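# Summary of the model geometry
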Amino acid sequence: MNDIAIQVSGLGRTFGEMWAVRGLDLEVRRGEIFGLVGPDGAGKTTTMRLLTGILAASEGTATVAGYPIKGGEEQIKSRISYMSQRFGLYGDLTVEENLRFYADLYEVPRREREPQEERLLGFSNLTPFSKRLARDLSGGMKQKLGLACALIHKPEILFLDEPTNGVDPVSRRDFWRILYAMLKEGVTIFVSTAYLDEAERCTRVGLMHQGRLIQCDTPQKLKEGIPGLLLELETAQPRVAREALTSRLGSNRVSLFGGKLHLYAADEGEAEQARTVLHEANISILGENTITPSLEDVFIYQLTRNNEEATA
Ligand SMILES: Nc1ncnc2c1ncn2[C@@H]1O[C@H](COP(=O)(O)OP(=O)(O)OP(=O)(O)O)[C@@H](O)[C@H]1O
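This is a predicted model, so every value here is computed, not measured. (Residues numbered from 1 in each chain as written. Predicted model: local features only at pLDDT ≥ 70, side-chain atom pairs only at ≥ 80, totals over all residues. Heavy atoms only, no water.)

### Overview of the nonpolar core
As a reminder of what qualifies: Here the nonpolar core consists of buried residues drawn from Ala, Val, Leu, Ile, Met, Phe, Trp, Tyr and Cys, with membership extended through side-chain atoms lying within 4.5 Å. For every residue, the accessible area (1.4 Å probe, protein chains only) is compared with the maximum for its type, and the residue is labelled buried under 20%, exposed over 50%, or partly exposed between those bounds. Secondary structure elements are taken from DSSP: a helix is a run of H or I of four residues or more, a strand is a run of E of two residues or more, and numbering for both begins at the N terminus. Any two residues whose heavy atoms approach within 4.5 Å at even a single point are treated as in contact.
One finds Ile33, Leu145, Leu147, Leu158, Leu160, Leu179 and Ile189 to be the most contacted residues of the largest nonpolar core, which totals 47 residues. A total of 7 residues in this core trace back to one element, the largest contributor, which is helix H5 (residues 139–151). Those residues in contact with leucine 145, other than ones at most four positions away along the chain, are Leu89, Val95, Asn98, Leu99, Leu126, Ala134 and Leu137. By size, the runner-up hydrophobic cluster in this structure holds 26 residues, among which are Ala5, Tyr82, Ile157 and Met208.

This is how it looks when you write it as structure tokens:
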């Protein structure tokens, strides 16, 4: 067994004339938790479906758990789990019946079932609800049960497509606790998420946009990749201030976070230029801090830059 869980080379998929994913190169090591982020329609689900053997590639190659996605589908299926956005729980089965159903489906040996079921129910805080029908669970509980079902056969690699979408913060925290426990046991996790605080918890993050992977690194390195200074500015008219700064410095330099402006300046000279722009527009700066970029800052900066490059 080598150290690489997923190896992707030039992978792409078209739908009609459109490339949903194009030229994807990626490597995920065993024991990593890799996060895929990107706006709606970026190609995250298509990537998951290509890697899990649900969709055939239009170009490129990939290996998953050491087997090629073309030709190794059966070997891959027995070594992975895929929790899609529409993961199939059976509403008229109870929590424990759902788990048992997936244990049957994956042919989990009888002697392993009970301890594995108990462990997963315990992990997900679902033990008190084991007799409840799945349709009567809250959204967060349903997602945790889905995860428990996906883990029943101890997969080597777990693929999760936006698993915590719409889930309350407490259940999200539970969900991530389970993921970390699985990681400790050596499971490799490939997860797409719309929540950037979740992406922060990944060992590496890939940023997808319009079918392409535009950035891929550790959260720390991605943040260091933003050049210059990031300033947080407080003004009484944040929108007007944004307009003024955008027209002089370019749109990938300024974004609004709540009521505050985040401004990327290449150096102190440019920061001073920004202050002058606001002064000339009669906008007073009520507060200014130099801050460390969050992944959200990185995300907005890189997407805007990518859009500008595409239209240049
Ligand atoms: N079966 C399909 N037929 C036609 N177009 C498709 C199909 N599946 C995906 N697409 C298109 O491919 C592009 C990428 O979609 P994909 O679902 O992979 O994006 P995503 O990043 O997962 O977004 P979301 O989070 O909204 O699902 C989109 O433009 C989408 O409309």
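Alright, that's what it looks like, and here's the rest.
### A closer look at the domain arrangement of the protein chain
The criterion, for reference: The split of the chain into domains comes from an automatic or database domain assignment.
On domain assignment, one finds that the protein chain holds domain 1 (4–222) and domain 2 (227–292). Each of domain 1 and domain 2 has a C-alpha centre, and the two are 39 Å apart.

### Description of the site of the ligand
The cut-off we apply is this: Nearness is defined per residue: one heavy atom within 4 Å of the molecule or strand is enough. A 3.5 Å cut-off defines polar contacts: any pair of N or O atoms within that distance qualifies, except that in protein one atom must be a possible hydrogen donor and the other a possible acceptor, and neighbouring residues in sequence count only when both atoms are side-chain atoms. Using the Shrake-Rupley algorithm and a 1.4 Å probe, accessible areas are obtained, with residue cover drawn only from the displayed protein chains. Side-chain classes are defined by residue name, with Ala, Val, Leu, Ile, Met, Phe, Trp, Tyr, Cys and Pro counting as nonpolar, Asp, Glu, Lys and Arg as charged, and the others, Gly among them, as polar.
As a structural note, the neighbourhood of the ligand is formed by 13 residues, with Gly41, Gly43, Lys44, Thr45 and Thr46 the closest of them. For the ligand, an oxygen atom lies 2.7 Å from a polar atom in the backbone of glycine 41. Interatomic distance of 2.9 Å between a backbone N/O atom of lysine 44 and an oxygen atom of the ligand. Protein chains shield 62% of the accessible area of the ligand, which is 630 Å² for the free molecule. Among the secondary structure elements, those contributing two or more residues to the shell around the ligand are strand S2 (18–29) and helix H1 (44–51). In terms of residue count, the dominant contributor to the shell around the ligand is H1 (3 residues). In terms of residue class, the shell around the ligand is made up of 5 nonpolar, 5 polar and 3 charged.

### Considering the pairing of strand S8 (residues 188–192)
Note the cut-off: Two strands pair under a simple rule: DSSP has to find at least two bridges between them.
Within S8, 5 of the 5 residues are buried, which leaves it mostly tucked inside the rest of the structure. Of the two faces of S8, the one carrying Thr188, Phe190 and Ser192 and the one carrying Ile189 and Val191 are both buried. Relative to S8, strand S3 (residues 33–37) is paired through 4 bridges, and the arrangement is parallel. Along S8, the bridge assignment pairs leucine 36 with serine 192. Of the pairings in the sheet, the one linking strand S7 (residues 157–161) to S8 comprises 5 bridges and is parallel in character.

### Things to note about the state of the cysteines
To keep it simple, the criterion reads: Disulfide: a pair of cysteine sulfur atoms within 2.5 Å of each other.
The final tally for this structure, using the stated rule, is 0 disulfides. Distance from the sulfur of cysteine 202, which forms no disulfide, to the nearest cysteine sulfur (cysteine 216) is 11 Å. Assessed through its relative accessible area of 5%, cysteine 202 is described here as buried.

### So, helix H10 (residues 268–280)
Note the threshold: Expected helix span is taken as 1.5 Å per residue step, with the number of steps being one fewer than the number of residues. Working note: the arc is built from the helix axis to C-beta atom directions.
Over its 13 residues, H10 extends 18 Å from the first C-alpha to the last, a length consistent with the 18 Å expected when each residue adds 1.5 Å. Of all the residues in H10, the buried ones are Glu270, Ala271, Ala274, Arg275, Val277 and Leu278. Buried residues of H10, viewed axially, fall in a sector of 155°; they line one side. Facing away from the buried surface of H10 by more than 90 degrees, the exposed residues are Gly269, His279 and Glu280.

### As for the sheet that holds strand S6 (residues 80–83)
Short version of the rule: Angles run from 0 to 180 degrees between N-to-C directions of axes, and those axes are lines fitted to C-alpha atoms, restricted for helices to the stretch in contact.
Strand order in the open sheet made by the 6 strands is S6-S7-S8-S3-S9-S10, with mixed pairing throughout. The open sheet terminates on both sides in strands that have one partner only, identified here as S6 and strand S10 (212–217). Averaged over all neighbouring strand pairs, the angle between strand axes comes to 15°, with direction disregarded. Both strand S9 (residues 204–209) and S10 contribute to a ladder of 5 bridges, which runs antiparallel. The residue of S10 that forms the bridge with methionine 208 is leucine 213.

### Quick notes on unusual backbone geometry
At alanine 65, a position not held by glycine, the phi torsion is positive, near 55°. Mapped onto the secondary structure, alanine 65 falls in the loop between strand S4 (59–64) and strand S5 (67–68). For asparagine 282, which is not a glycine, the phi torsion comes out positive at approximately 60°. With respect to the secondary-structure elements, asparagine 282 resides in the loop between H10 and strand S14 (285–290). According to the relative accessible area criterion, asparagine 282 is exposed, its value standing at 68%.

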